[in-house]
Structures are given as C-alpha cells and as structure tokens.
Amino acid sequence: MSVPVGEAVSALSTFTLEDDQPDIQGLAVTLLNGWVATESPIDYDDVQAYQLSLLDDTKSITQLNNLIKEGRDMVAILYTYRSCVKALPQLPESMKQSQTDLYRETYQVLDLEIGRLREIKRWQNTASSKLAADMQRFSRPDRRINGPTVTHMWCMLKLLDVLLQLDHLKNAKASIPNDFSWYKRTFTQVSTEWADSDSMREELDDLQIFLSTRWIILLNLQVELFRVNNVEDILQVLMLFCLESLESDRVLLYSERHVLLRVLPVVVILATSSVKEGDQVFKRIKINRLIRIFRRDPVVPAFPDLHIAPASMLKELSPYFRRFAAQMNQLQLMKLAKEADDITTTQVKEDMYMVIVEGFQLLSEWTGRVWEQCAWKFSRPSKDAQPYDNNTPLTDYEKVVRCNYSIVERKALLELTSYIKGVGTMMEKVDTIVAETIWETVHAQVQDFVQNKLAVMLRTTFKKKKDISRILTNMRTISADWMGNASNEPAAGNKKVKEDTTPVAFRPRPAAPTAAQLHCLQFLIHELVSGGAPKKAGGFFGSSDTDIPSADMKLLENFFNRLAFFPHILDYRATLIHVSDLGFLWFREFYLETSKVIQFPIECSLPWMLADHIIESQDAGLLESVLMPFDVYNDSAEHALRVLKQRFLYDEIEAEVDLCFDQLVYKLSEHMFSYYKSCAASKILDLAFISAVENRDKYNIFPRRYESLFKMRHFKLLGRSIDLSFLLAQRMNKILRENLEFLLERFESQDICHVVELQRLVDILKATHELLSEHLTLDSFTLILSEVMENISLVSFSGRLASQIFQEVQNDLLPNFILCNTTQRFVRSIKSCQRPIRRPAIPHVKSSFMCGSHDLNTAHSAISELYSKFFGLPHMFAILKLLGSRSIPWLVRALLDHLSQKLTSLEGRIDELRGVLPKVISIPAPTLGVTGCLKIYKDQLHWATEYEHKVEVLQNLKEIGSLIFWMSLLDTAMRETETVHFMQVVPWLGVVPGSEAQMQQLLDDDGHSPLVSLFKSASAAVAADPETVNPQSFVTMSKQAEVADILYVNNLQTGSTLDYTLAYLSAILDTVRGKWNSPSKTGLIEITTSREFHRIYSGIQFVFCGEQLDENETNQEQFGDAVAWGGCTVAYLLGQHLRFELLDFSYHVLTVGESEVNPGAHSIPDKISKTYNISAELVRFLESARKARRLNSHVFTMLRARFPHEDKLAALVKQSGTVVHRIKYPSTPSAFDTLPAKGNV
C-alpha cells in the first residue's frame, strides 16, 4: 500500500535529529565540511555576454587565481618545512668505510626536499613574469580600458602577498640553507661518479644564490616590472586602492585586511624605486596617509608564529640598501665568471656606479641633517632646565647640549648616527672591490660623451659657427682616448663628409681622467653654454638666447652635472670619510671661552651622552650600537690633528676617551652582570612558587643583544686596537669576586639560619658564571670561591666560611637555640635566655649582587625567609654543599674539641654534686601514693634543688645534647648525598648487592670493571688505527681510568659522622669513667647508695620536671629537648642507661601515678587530677615526667641502633639468695617495659 507523498512529507517533519548534547563546542565547519571555496565554477565565462570589453581582463583574473592557488601550496611547503639533517645518522669510527654509501643515501633523501625548493624558485620566476606582464598591460598606451577592475586589483595584490610570504619564509627558515649546504656537500661527493654534472652544478649555484639572498623574490619582481616604462602608474593605482580600502574599512574579512597591510610597504617600495619616481608618487599621495596606517598597525600577522613589521620592511627594502646589495652580488658574480658578456658587464658596472653615487648622497644628506639640527639646538638653548647640582648653576653649554636633548631626540640621533656609521663601514669594506669599477665607468662615460655625443654636435654645428666647433674639438682633443691611436675626428676642410651615425667603439679601461682633464672639460662646457656671460635669463642651462639646440643643451647639462661628481667619486675613500664624519658633535671651543672653564665634564659631552643613554635605557634595539658614539671621538681626533692641527685638542679628546671608555666598560659590565644574574635567578626560581603567584610575567627576563659586544676583540679607538672582550672578562672576574665577598659579609652579619639563603645566592652566582662563560673567558668558579673563602692553599682546610659556621655553632646555635625533637629543628630561645652575640653591620644591599632585579630579589627573599627562623636539615644540606668534602672534616673536628671542653666543664659540676649526694636515697613505697612519693623525693633531693649551679649544669648538658643532635643532622645529610653519588657510580664500577647486605664487585672477562674495560677497548681500537695522530694519549686515558676505578671503589663505603662522634665522646668519658661508673662490690645493683652518673642525672631531671627555674618561661622553653640528648647520651656511653631507666626518680613517681589511675595501662596526668583532686604542681610534674620518659626512650633507642654495646656479663641471684656470677645476657630495648604494674604483683 503506497503512502501519499504529502503524508510522507508531513511524517518526516515530525522527526527530530537533535540530542541532549550541551552547546559547549565551537563552530567546527572546517573540520566537518571542509573549506568551501568562493571561486566561480565557470571562470567568468559569461562576461563576454555583457559586451563590456572585459574578456581579456577576466582571462587574466583566472590566470592570477591559478597562480595564487599554486603559490599558497608553495607557502605551505615552506612553512611546514623541517630540517632533515637532524634526523640523518652519524657513522661511528668503526664504519668509516661505509661513508660513500651514507653520502649516496643522504643525497637521495635530501634530493626530494631540494626538488621542492627548485619548484618554488621556478614558480616564483613564472609568477613574477606573469604579474609583471599583467601590470604592463595597463601601462601601454593602446590599452582598451583605463585601469584594472577591483577584482583584478585584488588578484594582483594577493599574488604579490604570496610572493612576499614566500620571501619572508625563505629569510626566516634557518633549516633550509642548512639542509641545502648538506645537500651540496653530498652532491660534491656523489657527482664524482657521474659523467656530466656541470649543468646540475650551475643549477645548484643559482639555487644557492636564491636561498642566500634576502628578499630576492621581490627583487626579481622589481626587475620584471621595470623592463618597460610607465609601470609606475599601475603601482600608484594599487597603492591608492590599498590606502582607500584600509581607511574606509570596506574590507570585511580580517585576512584581506592583513593582505593589504602586508603588500602596502612592498607597493610603496616598488613605486618609489628612484628619487624621481618617489617625488612623483608623493605629489599624488600624501605621505601622512602612509604614516597613519603604519602607526596604527606596526605589526601585521603573516603566519601563526611569524609576523611582519611594515616599518622594518621599509627600512630593509629601502631603495639604496636593496640596490647596493644586489649590485655587489652581480659585480662579484661577474668577476668570478670566466666569460662575461661585454654589454652585461658594462651595465652592471654602471648600475654599481649609480648605487655608490646614491650612497654618497644619502650619507651627505644624513650628516648634513645632523649638523643642521645641532646648529638649531645651539640657537635655541633650553629655558626651563633645572641645575643638576643645587650649588652649581648651569653653564651655557649644558643648556644647549645636556639639557636640550629629550630621550626621544637622543634615540633618534643615535639611530641616525648608527645609520651613517653602518653605511659608511659597509662602503668602506668594498673599497678595493669597486675601485676598478668606478674607474672604468667614469672612463666609459667621458669617452662616450666626447667620442659619440660630441661627434653628432660637430656634424650639426660644423657649417655654422667655427668658435663652437673649436670648443667641441678642444674637448675631444683633451679627453678622447682613441682606440688604436687613430683619430675619428672629421676633416675640417672637407665639406662632404659622410655622416656616419654608428657609435664609436672604444676599449673600456680602468683609467679615469685626471683632475686637469675634468677641470678643462668643465671650463669648456661653461664657455660653450654661457659664452662668457653666465648671468643670462633662465639660468645657466635655461637661457633661450643661444644657438645650441635644446637637445644638445640637455646633453651638455647632464654631462656637466656628472662632471661635478667625478672628482669626489674617484677620491672614494676621502669622500667616504668626509660624508660620514661626525666629529663636530664633540667640539665646544666657543662655549669653553664664554664659560671661562678649562673643560666641561663628560656628562656634557654629546658622544658620551648618547653612549650613556644606550646603557641606561637598556633598549634592546640600541645595545648593539653602543660603540657607535665612540667613533665620533675618532672623527674629532682626526679633525683635531689633520685639519685644526692642534695637539692640545687631541690630548683633551684622548683624556675624555680614556675616562669615558672606562665608564663604558664599568657600566656595561654592571648591566651585563645584572642581566645574566637575573636570568640565572629566574631559572633557579622554584616552579611551584611561580605557579602560585598571580603576575608571573615579571619573573621572566627578556633577551638582550649582548652577544655581539662579547665578540669585539679588535675595537679601533684613537688608533689603538682594544680587546673589549678581554676587558669585559677582566671586569666580570672582579665583579664575581666582589659579589661573593658581599655574600660572605652578609652571612657573617647574620646568624647561621641564613645559610640556606647564602647557598641559594651562591648557586645563582654560579649559574651566572656559567652563562657568562659561554661568551667570555673567565676564571673557574671553584678558583674564585677558594680565593674568597681563603681556602686556596693545599694545606688549608679551615676556610673563612667554615670558621664562620663553627663560630656561629659554638657561640650562638648551641647556647641560644633550643632543640625541638618532634620537628627535628633548632629554634631560637626567648631573648632573656640568650647569650649576647656581636656581629658586624649588614652591608648595603645591591640588587645586582643579590638576584639581579627587585622582583626577583623579593621572590627569592620570600623563599629564603621560610628558613630564617630555625635550623634543621635544609640548613645542613646547605652547609654540606657550601663547604664540600674538604672543610667538613675540619668543622667536625673543631666541634668535637668544643664537645670535649664542655664535658670537661661539666666534670667539675658533677663532682660537686657527687660530693653533696646523700649516702642513702630510699625509694618510697607505692602505697604512699603519688603525692607521698613526690614529697619524699623532694625531701631527699634537696641537694639537687638547692644546688646553685644547676642552671649551668643544665646548660652544659643542653649544649652537649645539641651538638650530638647537630652531628646526627650532618650525618643524615651526608648519607643522603653519598647515596646519590653511590647510585651514579656503581653501574660504572660493576658493584652489585652481595650476601649479608655486603657489596660485591662483578668484573668483566678481562678482570676489570666496566669503566676500565670500556676505556681499554676504546683506546686499543683507536691506537690500532694507523691514521691516529697521538695514540699514546688514549693509552694514558685508559691508565687514568684504572686510577679512577681504585679511587671510587675505596670511597664507596664511608663512615658515619654520628658514629664517630659517639666513639669520640666515649673515649673522652674514659677519663671520668672510674669516678662516674662505680660497680657494686657484691655484683648486685646498688639501689639506694649508688653515686654513679645516672643518679646525678636522675636528680637533675627531677629538678627539670618539677621546678621552674625562671619566672618568665618554662624549663622546656629555656632548654628544650637537648638536655635529654646530652644526659642520656652520657649515661648510655657510661653503660648506665638500664640502671637509669630502672631507678630514675621521676619514672618512679610517674609509675605510681599511672598505677593509681589505671593499673593496666599508662594514663595521662589529667585523670589523676580529676580523680584525686591533687594540685596543679603535681599535674605539671607528671606531664613533664611523661614527656621526659618518652624522649629518653627515643634517645636510647637511637643510641642502641647507632652505637650498640657488647653483651654484658652480670651476676644472677637465685631465690635462695645464692649469687651465680658471669651470666651473659643481651641488651634489652628498655628495662622500663619489664617493670610490673601495681596490682599485678
């Protein structure tokens, strides 16, 4: 059953294809449907139906569109081009015999890519020819339409934009010439096997010129355009179209607007290729319109990551620079050619001559403008200038120079000075190359005039006036160079001379006319034109009352104007020096006289003002021109000696140059050091910190162009050759030492907590040294550090920094800091308990000596501030990195000596306490309760509570404990550092884990480690090669590898600093072991009558837990946890730790208190106060005792692990009372854990 169409359509309208996907995706038309072209599918075939005579125009548009499409493909090829050389393999030494095969394979790979470049070169030639031919259609007088249509103009502009993009990409892609150089190298190797490769070599030479010449595509286009006349009209039309389109905003798409902005500078350059054409263009188009466009859009996108600056293009593609480079290339290629066409050679030389003339004209105009603006400044001194020194009024010279130039004017004067000196240097370098060309061109122009042009004049004036004929004949006689010594002069008496219009051929020779010949020619032309009366109406050549025809008059005028240039062009070097001379910027004799001073300061000298402006402004575009103002001093010194001939002026200039150059080196070094310091600080800055801040761009350092200054090794100044690179390196070495000295002085004025900041700043300085070492030859940073640390001697181990750290630890850290065992840190105690420390004042902070800039200083200071209030493991890592393996042993030994002194001072106080110790200290029964036990102990321990030097004893124990914990931190840091070193070394040494946690070294078949085997095999292979120059050096290298192997293997297992400290302390305690460690005569533990150290320390700990020694702070705030570290370590090394844990007074009271609350578990003292309503004093005592017990257990556990005792021999008492001697038992973790609790006995 069929469904009606209407119903089917209605049913389809009820369906929906939408889903619930949220609209969070952009318009993906190009991804889903592709790019829809807007080109006409019929190629404008219907235009002829409208009878508008546009058939030829539409055909041209179609051709241009096809070229644009092909060109965009070429642009895509260039933009996506990547270097192939980086992926090519490099053969090892063992496969050198396969070098030929590698060259052949490389050639085949690169030939595909170079083939694309050949296609681009051929396409741009075709496109330039067709675009030029299309533009020339509108320049012929027989054209059918007045001008191109709008569509046609758009096609021209787009094709021109494609050519510009190709040229810009070719200039920007560094990988293209690199690959081509490899291709040409492989071609040289491969082509030796081919029979005929000359044509391919010529093609490669052409391609090399195409790739190496900047903007060659636009230059080829310019050549194609100006093969015929009147092409300027269509260029002006295109320029007007671009301006009107941009000003009226008639462009819809941004891409079309970018096309207009990109091609506008090119059209301007093409339309103003000569001075005459430029004048005609700017009569019709106001230059202010162009300026507004370029100011509004200074940067135009060309590609996603490339841009074009119209102003920079105008500078680089200005007519003179472009033509000069092109003519130089043609001239050099012509000289290299074995057979060159005479006509082409002559044309190239004439073009080169005209470029040189134009260069002299530009230099003359620029230098004249600089002089004119100086005169204008001198005529208008600054009226509102304020004196720089309140006590000294401004001089007239300061008003016209120092105060009269704004920042913008100084920059403009600097740029113009750089242009003058840059163009002058460029022309001076080609002096010897263009000399012969200049002579031949001048000779050819003179001979062409006197042998050809004057011959026509003689034929027309021979029958008229003999005086004119005489003058013309004299001109030919004076300057004609007749070929083969045969004169072509017409016979004076023969009236039937056959008129021959064929130009006379003459031999081009590099023989320029003399000054006398030029002078005579000028005189004769002057006489011929003026007839002795030069003040005729209409001007010199514009007089109408003369017998010379206008055409001949025009020829005479042109040659007369050229004659004025010949003397200056022939004296090439002198003219160049003259037109680029800026020495007048220094002279100030008039103002010296009016101001009645001997000389002005350098701040008033205009050359130094310009150099100082470059340094202080830090303009990246001007840094490379910082030496240009010093060439003004060269000019002024030359003028003083050669022109003014005054030695005193030269002496004044020399004195100022010496001072200014010293200032230049000083300021440049400071700014360079600050810049590279900022770069180093920016790289070292923590990434987590950067990601956390909001304005992270201020920590990025933008590049500056210092590289060219680092390469200046032959700077010419007043006849001297100066190695600027050496002076900068010398100054940098001094700055590095001064910076390091400043950092040490800063650290010496602060406490040891700032050692992390010192280590961070030293790392930044080391990174700065590495960055500078890439450009300068500097002293090694290790040498600089050793000199400043006063650790350069081979027998010097206690450097400046090590001594300072020892003094800080001895005088500040140990007495004034308290240990927090939980955080593993030392923190400063309250001020009332601190020992006063005298330190020097903090030196004045220089930004360049810290991190380079204010923002980076703030960032790094914020990070360093986190470590400035404590001393812990990060500080120990910093100390270890700063001192290194050379000074650490000395520091450890010095601290151990200090430990010995502290133990000696403690010995006397302990002996005093042993003297006042009661004979019997009974242990109260647990049935008395916690209050009764505490009261009984207080009554029996009055000797400890009433001891007047108890604070001193606690202080000594605190310093001993702090030093032991300090050594444990050092041991931790050293072990971590050595572990990293161990993991880096063991693969080369063949070390693997062995049995029972011991290391085992696996050797190769030859009995050596992998490191030695590698060097031996490599040395043997190199020594076996007969082409090796010095095989003995490789044998020596293998022997050095054996020495390194022995050295590293012996250093793999290093000792522990903490273990050594404990062993050293144990050895010191041997002197007092007999007094402090009294064994029982019966072999049993003396519970009530013991006079050993653990009883003394038990009483001290009882006082520490129960009595507040200072009114302002608690004992914990005053002494910290270091007292427990000191007392427990001494007790452990004396072998009394078990008896201490068993018989300690505080432990007994705490055990009774815990047993009263909960017999089965330990409880906190708060339950005691709630249950039995005891005093707060007892609660504080029990809490302190509990913390002390936990801390003591931790210390004893660590000591057992790091310094275990041997198994002890003791006596066993049976239930019958019989004593069984010499029963061996192992050391237990804690005797306290085995004590029975109350209620379980």
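Everything numeric here is computed off the predicted structure, so don't read it as measured data.

J.: I'd like to hear about the overall build of the protein chain, residue by residue, with values.
T.: Looking only at helices and strands, the protein chain has 49 helices and 11 strands in total. Within the protein chain, the proportion of its 1241 residues that are buried is 44%. For the protein chain, long-range pairs separated by at least 24 residues make up 75% of all intrachain contacts whose partners lie at least 6 apart in sequence. Of the roughly 66,500 Å² that the protein chain leaves accessible, carbon and sulfur atoms contribute 55%.

J.: Pulling in residues and values, what's your account of unusual backbone geometry?
T.: Positive phi outside glycine occurs at Leu-718, with the angle close to 55°. Checked against the element boundaries, Leu-718 lands in the loop between β3 (715–717) and β4 (720–722). Residues other than glycine seldom take positive phi values, yet Gln-824 does so here, at roughly 60°. Relative to the helices and strands, Gln-824 resides in the loop between β5 (817–820) and β6 (825–828).

J.: Explain the confidence of the model for the protein chain to me, using residue names and the numbers behind them.
T.: Confidence in the prediction for the protein chain averages 76 pLDDT; 77% of positions are at 70 or higher. Predicted confidence is poor over residues 532–540, with pLDDT under 50, and the contacts of this stretch with residues over four places away or in other chains come to 15 contacts. Contacts from residues 1159–1164, a stretch scored under 50 in pLDDT, to residues over four places away or in other chains number 11 contacts.

J.: Lay out the environment of Leu-1178 with the relevant residues and their values.
T.: Tracing the backbone shows Leu-1178 in helix α49 (residues 1176–1202). Looking at Leu-1178, the relative accessible area reads 3%, which means it is buried. Taking the C-alpha atoms as reference points, Leu-1178 and Gly-1153, separated by 25 residues in sequence, lie 9.9 Å from one another. Residue contacts for Leu-1178: discarding those within four places in its chain leaves Val-930, Thr-931 and Leu-934.

J.: Describe the sheet that holds strand β7 (residues 870–871), listing the residues and the values that go with them.
T.: If you walk across this open sheet you meet the three strands as β5-β6-β7, and the pairing is antiparallel. In this open sheet, the two strands that pair with only one neighbour each are β5 and β7. Pairing geometry for β6 and β7, over two bridges, is antiparallel. The residue bridging Phe-826 from the neighbouring strand is Phe-871, located in β7. Against the sheet, helix α32 (residues 800–816) contacts β5, β6 and β7, and its axis sits at roughly 55° relative to β5. Packing of helix α38 (residues 950–989) onto the sheet brings it into contact with β5, β6 and β7, and relative to β6 it is tilted by some 135°.

J.: Run through the packing of aromatic side chains, naming residues and quoting values.
T.: For any pair of aromatic rings, geometry is given as the distance between the ring centres together with the angle between the planes. Summed over the entire model, instances satisfying the criterion amount to 29 aromatic pairs. Judged by centre distance (6.0 Å) and plane angle (75°), the rings of Phe-806 and Trp-890 are edge-to-face. Residue Phe-806 is found in helix α32, and its partner Trp-890 is found in helix α35 (residues 873–916); the two are separated by 84 residues along the sequence. Ring centres of Phe-965 and Trp-1125 lie 5.2 Å apart, and the angle between their planes is 75°; on these two criteria the pair is classed as edge-to-face. Of this pair, Phe-965 sits in helix α38 while Trp-1125 sits in helix α45 (residues 1122–1133), and the two are 160 residues apart along the sequence.

J.: Residue-level account of helix α12 (residues 287–296), with values.
T.: Among the residues making up α12, those that are buried are Arg-289, Leu-290, Ile-293 and Phe-294. An end-on view of α12 places all buried positions within 125° of arc, on one side of the element. Within α12, the exposed residues directed more than 90 degrees away from the buried face are Arg-292 and Arg-295.

J.: Tell me about the side chain of Arg-118, and name the residues and values.
T.: Positionally, Arg-118 belongs in helix α4 (residues 99–137). In this structure Arg-118 comes out as buried when scored by relative accessible area, which is 13%. Each residue touching Arg-118, except ones within four places of it in the same chain, is listed here: Asp-111, Tyr-183, Glu-203, Leu-204 and Leu-207.

J.: An account of helix α34 (residues 854–865) is requested, with residue identities and associated values reported.
T.: For an α-helix, 3.6 residues make a turn, and residues three or four places apart therefore share a direction. Its 12 residues give α34 an end-to-end C-alpha distance of 16 Å, which sits within 8% of 16 Å, the value for a rise of 1.5 Å per residue. Among all positions of α34, only Leu-856, Asn-857, Ala-859, His-860, Ile-863 and Ser-864 are buried. Down the axis of α34, the buried side of the element spans an arc of 165°, and every buried residue falls inside it. Buried residues along α34 sit against α26 (647–684), α27 (687–692), α30 (755–773) and α33 (847–850).

J.: Account for the packing of α38 against α45, with residues named and values stated.
T.: Between α38 and α45, whose axes approach to 6 Å, the crossing angle comes to 85°. Viewed along their axes, α38 and α45 adopt a mutual orientation that is roughly perpendicular. Within the contact between the two elements, α38 uses Leu-954, Leu-957, Lys-958, Ile-960, Gly-961, Ser-962, Ile-964 and Phe-965 and α45 uses Ala-1122, Val-1123, Trp-1125, Gly-1126, Gly-1127 and Thr-1129. By residue class, the composition of the contact of α38 with α45 is eight nonpolar, five polar and one charged.

J.: An account of the environment of Gly-1074 is requested, with residue identities and associated values reported.
T.: Relative to the assigned elements, Gly-1074 resides in helix α42 (residues 1073–1076). The exposure class assigned to Gly-1074 is exposed, which follows from its relative accessible area of 62%. Gly-1074 sits 18 residues away from Glu-1092 along the chain, and the two C-alpha atoms are 9.8 Å apart.

J.: Explain the nonpolar core residue by residue, including any values.
T.: Counting 236 residues, the largest nonpolar core has Phe-630, Ile-879 and Trp-966 as its most contacted members. Sorting elements by how many residues they give to this core places α35 first, with 17 residues. For Trp-966, the contacting residues outside a window of four places in its chain are Val-809, Leu-813, Phe-826, Phe-871, Met-876, Ile-879, Leu-891 and Leu-895. Residues Trp-123, Leu-160, Leu-221 and Phe-241 belong to the second largest nonpolar core, which totals 72 residues.

J.: Let's hear about a nonpolar patch on the surface: which residues, and what values?
T.: On the surface, a cluster of nonpolar side chains totalling about 310 Å² of accessible area is made up of Ile-923, Ile-1085, Ile-1087 and Leu-1142. With respect to the secondary-structure elements, Ile-1085 resides in the loop between α42 and α43 (1093–1106).

J.: Explain the environment of His-775 to me, using residue names and the numbers behind them.
T.: On the secondary structure map, His-775 appears in the loop between α30 and α31 (781–788). For the pair formed by His-775 and Glu-707, sequence separation is 68 residues and the distance between their alpha carbons is 7.2 Å. Filtering out sequence-adjacent residues up to four positions away, His-775 remains in contact with Tyr-676, Glu-707 and Phe-710.

J.: So, the pattern of salt bridges: which residues are in play, and what are the values?
T.: Following the criterion strictly, the structure yields 45 salt bridges and no others. Glu-748 is paired through a salt bridge with Arg-800; the nearest N and O atoms lie 2.8 Å apart. Here Glu-748, found in helix α29 (residues 724–748), pairs with Arg-800, found in helix α32; they are 52 residues apart in sequence, far enough to count as distant. Judged by its relative accessible area of 19%, Glu-748 falls in the buried class.

J.: Give me the lowdown on the pairing of β5, citing residues and values where you can.
T.: Pairing geometry for β5 and β6, over four bridges, is antiparallel. In the sheet register, Phe-817 faces β6, and the bridge partner there is Arg-828. Joining the antiparallel neighbours β5 and β6 is a turn of four residues, in which Gln-824 adopts a positive phi near 60°.

How each quantity is defined
Residues numbered from 1 in each chain as written. Predicted model: local features only at pLDDT ≥ 70, side-chain atom pairs only at ≥ 80, totals over all residues. Heavy atoms only, no water. Helix = DSSP H or I, 4+ residues; strand = E, 2+ residues; numbered from the N terminus. Buried < 20%, exposed > 50% of the residue type's maximum accessible area, 1.4 Å probe, protein only. Contact = heavy atoms within 4.5 Å. Areas by Shrake-Rupley, 256 points an atom, 1.4 Å probe, with all protein chains shown as cover. pLDDT = per-residue confidence, 0-100. Pairing = 2+ DSSP bridges. Axes fitted to C-alpha atoms, helices over the stretch in contact; angles between N-to-C directions. Phe/Tyr/Trp six-rings, centres within 6.5 Å; stacked < 30°, edge-to-face > 60°. Arc of directions from axis to C-beta. Expected span 1.5 Å × (residues − 1). Parallel < 35°, antiparallel > 145°, perpendicular 65-115°, else oblique. Nonpolar A, V, L, I, M, F, W, Y, C, P; charged D, E, K, R; others polar. Core = buried A, V, L, I, M, F, W, Y, C linked by side-chain atoms within 4.5 Å. Patch = residues over 30% accessible without salt bridge, like charges linked within 9 Å, V, L, I, M, F, W, Y side chains within 5 Å. Salt bridge = Lys/Arg side-chain N within 4 Å of Asp/Glu carboxyl O.

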